[in-house]
Amino acid sequence: MKKAYEGKDVTVYFDSEVCIHSGHCVKSLPSVFDVKKRPWIEADGAEEEEVMRVIDVNCSPSSRQVK
């Protein structure tokens, strides 16, 4: 199931059926990805470029989607 987490400058999409749940996003950018919070993705928790960099580096190509 794909869910959108909208921020001011970036929208992060999470698809639980595609993500391999390695936790690299949480470790790399905890200000955006925090599994203890609801919602657990805060797209405005870092600069747009940093969010995109962490997703590009840590997510598999099939699960990567940022707007």
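Use the structure listed above.
Residues numbered from 1 in each chain as written. Predicted model: local features only at pLDDT ≥ 70, side-chain atom pairs only at ≥ 80, totals over all residues. Heavy atoms only, no water.

Notes on the nonpolar core
Part 1 of the argument: Membership of the largest hydrophobic core comes to 14 residues, with the highest contact counts inside it found for Val12, Leu29, Val32, Phe33, Trp40, Ile41 and Val51.
Part 2 of the argument: Of all the elements, helix H2 (residues 48–58) adds the most residues to this core, at three residues.
Part 3 of the argument: The residues touching Phe33, leaving out its near neighbours within four places in the chain, are Val12, Cys25, Val26, Trp40, Ile41, Val54 and Ile55. (Core = buried A, V, L, I, M, F, W, Y, C linked by side-chain atoms within 4.5 Å. Buried < 20%, exposed > 50% of the residue type's maximum accessible area, 1.4 Å probe, protein only. Helix = DSSP H or I, 4+ residues; strand = E, 2+ residues; numbered from the N terminus. Contact = heavy atoms within 4.5 Å.)

Focus on the environment of Asp44
Part 1 of the argument: Inspection of the secondary structure puts Asp44 in the loop between helix H1 (24–28) and H2.
Part 2 of the argument: Excluding residues within four positions of it along the chain, Asp44 makes contact with Gly7, Lys8 and Asp9.
Part 3 of the argument: Separated by 2.7 Å, the side chain of Asp44 and the backbone nitrogen of Lys8 make a polar contact. (Polar contact = N/O pair within 3.5 Å; in protein donor to acceptor, adjacent residues only side chain to side chain.)

Section: the state of the cysteines
Part 1 of the argument: One pass over the full model with this rule turns up zero disulfides.
Part 2 of the argument: Free of any disulfide, Cys19 has its nearest neighbouring cysteine sulfur in Cys25, separated by 6.4 Å.
Part 3 of the argument: Residue classification places Cys19 among the partly exposed residues on the basis of a relative accessible area of 26%.
Part 4 of the argument: Of all cysteine sulfurs, the one in Cys25 lies closest to Cys59, which takes part in no disulfide; the gap is 6.0 Å. (Disulfide = S-S within 2.5 Å.)

Description of the packing of aromatic side chains
Part 1 of the argument: If you walk through the whole model with that rule in mind, you get two aromatic pairs.
Part 2 of the argument: Aromatic side chains Phe14 and Trp40 sit 5.1 Å apart centroid to centroid with 90° between the ring planes, which places their arrangement in the edge-to-face category. Of this pair, Phe14 sits in strand E2 (residues 11–15) while Trp40 sits in the loop between H1 and H2, placing them 26 residues apart in sequence. Residue Phe14 shares its accessibility class with Trp40, and that shared class is buried.
Part 3 of the argument: Taken together, a centroid distance of 6.1 Å and an interplanar angle of 50° make the contact between Phe33 and Trp40 tilted. Residues Phe33 and Trp40 agree in their burial class; the two are buried.
Part 4 of the argument: One aromatic cluster is present, formed by Phe14, Phe33 and Trp40 through successive ring pairs.
Part 5 of the argument: Between Lys2 and the ring centre of Tyr13, over which it is positioned, the NZ or CZ distance is 5.9 Å. (Phe/Tyr/Trp six-rings, centres within 6.5 Å; stacked < 30°, edge-to-face > 60°. Lys NZ or Arg CZ within 6 Å of the ring centre and 35° of its normal.)

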